[in-house]
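Below, each chain spelled out in residue letters.
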Amino acid sequence: MTNESNQLIHRFAVSWRLQHLSLMIGVFGLALTGLAYRYYDTGFGRFLINLEGGFGSRGILHRICGVMLGLAVVWHGFRVIFTRTGHDDFMALMPEKGDGKRWRLALKAKFSSEPFNAEWGRYTLGQKVQYWTVALGTLLMISTGLILLMGDRAVAALPKWMVDMVRVVHGGQGVELMVFIVLWHLYSTHFSPGRFPMDASWITGKISKGQLKDYHMREYRRLFPEDD
Amino acid sequence: MRTLSLKIVAAATLLSFGSIADAQTISSSDCLNCHSDRNRLGTSIGAVSARRVYIDPDEYRSSIHNSDCAACHPGYDGAPDNQHQSRPPVASCGSCHQSEEHDWGASIHGRDALQGDLKAPNCTTCHGAHGVRRVSDPLSPVNRRNLPTTCANCHDDEEIATEYGTPRNRLETYESSYHGLAVKFGRMTAADCASCHNSHLILPPSDPRSSVNKANLPSTCGKCHPGAGEQFATGKIHVSATKESSPGMFYVRKFYTYFIAGLMILFVGYIILEHSGYARARRKKEEPK
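Residues numbered from 1 in each chain as written. Chains lettered and ligands numbered in written order. Predicted model: local features only at pLDDT ≥ 70, side-chain atom pairs only at ≥ 80, totals over all residues.

## Quick look at the overall build of chain A
Along the backbone of chain A there are 12 helices and two strands. Helices (α) and strands (β) of chain A occur, in sequence order from the N terminus, as α-β-α-α-α-α-α-α-α-α-α-β-α-α. Structurally, chain A occupies a C-alpha span of about 65 × 40 × 30 Å along its principal axes. By residue count, 19% of the 228 residues in chain A fall in the buried class. Excluding contacts between residues fewer than 6 apart, the proportion of contacts in chain A whose partners are at least 24 apart in sequence is 69%. (Helix = DSSP H or I, 4+ residues; strand = E, 2+ residues; numbered from the N terminus. Buried ≥ 20, exposed ≤ 12 C-beta atoms within 10 Å, placed from the backbone. Contact = placed C-beta atoms within 7 Å.)

## Focus on the overall build of chain B
A count of helical and extended segments in chain B gives 14 helices and zero strands. Reading the helices (α) and strands (β) of chain B from amino to carboxyl end gives α-α-α-α-α-α-α-α-α-α-α-α-α-α. Here chain B, with 289 residues, has 17% of them falling under the buried criterion. Contacts in chain B between residues far apart in sequence, at least 24 positions, make up 34% of those at least 6 positions apart.

## What to know about the nonpolar core
When a protein is soluble and globular, its nonpolar side chains tend to lie buried together. Val155 of chain A together with Val212, Leu217, Cys221, Ala228, Phe232 and Ala233 of chain B form the largest nonpolar core, which has seven residues in total. With residues near it in sequence (within four places) discarded, Phe232 of chain B still touches Val155, Ala156, Pro159 and Lys160 of chain A together with Pro218 and Cys221 of chain B. Among the nonpolar cores identified, the runner-up in size contains six residues, and Leu23, Val27, Cys65 and Leu69 of chain A belong to it. (Core = buried A, V, L, I, M, F, W, Y, C linked by C-beta atoms within 7 Å.)

## A closer look at the domain arrangement of chain B
One can read the domain layout of chain B as domain 1 (23-91), domain 2 (134-239) and domain 3 (241-277). For domain 1 of chain B versus domain 3 of chain B, the separation of C-alpha centres amounts to 63 Å. (Domains from an automatic or database assignment.)

## Quick look at unusual backbone geometry
Residue Phe196 of chain A is joined to Pro197 of chain A through a cis peptide bond whose omega torsion reads 0°. You can see Pro197 of chain A is positioned in the loop between α9 (160-191) and α10 (201-204). For Glu119 of chain A, which is not glycine, the phi dihedral falls at a positive 55°. Tracing the backbone through its elements, the reader meets Glu119 of chain A in the loop between α6 (99-110) and α7 (125-150). Classification of Glu119 of chain A by C-beta neighbours within 10 Å gives partly exposed; the count is 16. With a phi angle near 75°, Asn198 of chain B is a residue other than glycine that sits in the positive phi range. You can see Asn198 of chain B is positioned in the loop between α12 (193-197) and α13 (217-222).

Now the structure itself:
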């Protein structure tokens, strides 16, 4: 039984993992260079600016990472629209009936010591919320970032208050996304009970049968209907 | 004989010119003989008690006007090694810098100063007196790096803002703007105060001739941002995200502040909940049945 529950099964396609990797590099690069700009007058900001080779190169790095993020988003879009696996994975991230109820029961179970299986599908509601927050937040970051990147052309086309507002939204949304990614996404990958030092499935693309059963029961049943 | 008499005349002429020169011209080093003494006091004039007359020789020598004190202080009435009894007159900067003086005279600063307002800035308020440097010199108070703080000497002064009704937070709002940040980090093509407000012909925005009058903003901004139209200039330029000044920005910022703080509390709460639940379940598992 133990051997069987340790058996690794395929969960994420290579393309899916590479999209995640380029998204990760782009987002962290953007965050480090963006936070350097936002907190330029603090010790933390100065440290980051020095790390990034000065204020000018910080800006160049920010733009390079922005292009990388943009490419990752376009790649993701193509996979979702034009490939079967990409499309299926995307559809599995859609909220579905019963998500709310399962979430309520799972939360309730955290207050008790009774074992509880929420019977999530391929993705838990938490993972879906993480995906959609990052996806929509990224689209907002890219659109505001492009306006700021246009510089004089944006200044020629928009009133100044709008350019100022775009700047505030770009900064606020960036910090919000970072908080989301660090305190929820990174926490659940590295520090959630049983995950330390890391849930390696984002690299290996595999998950153990036992974990799949514990966290994604309905996906387990879909993949191994004969086990029931 | 004729040659000898010519020589005598020439010698006498030279001597007499020499003595005239002694009385009328004086070299900068002559002045600094006395004025480089930190403790030297001048003469008291009437009720005004004697002041220190120190001029930092290094500051003077490194200034752009370092060759001739008399160019700005003509009519020195003493001998080079003597104390002069009156303050040497100060020549107008405009005797060399006519167009700058003309512009300053027409500006809000110049108009007030010429009407006798001693608080209104004149040339030396911004450029310094004995250490005047080129604008391109990084040590000049009117160099791009330093101009904002030079202007802020008065424009961040609460007393002056109250007395003259000038707007507050000028330095803060400039420094946090794109222009301010770019200059702070060494991009010397970004705008400083003078880029928009002019260097000498500074006029209040209410004046239709002012470079920062609403009607003139498109062309003022357009100097650097081609195509910046009337639409662009409809917003505030010195933006401070306060409720009164820019309510839209104020509320968007507030939203993000509270939203981010709320998220952090939520996530930390969730982390604590998850780990305490996990610890409870483990304890229960380990308990002997």
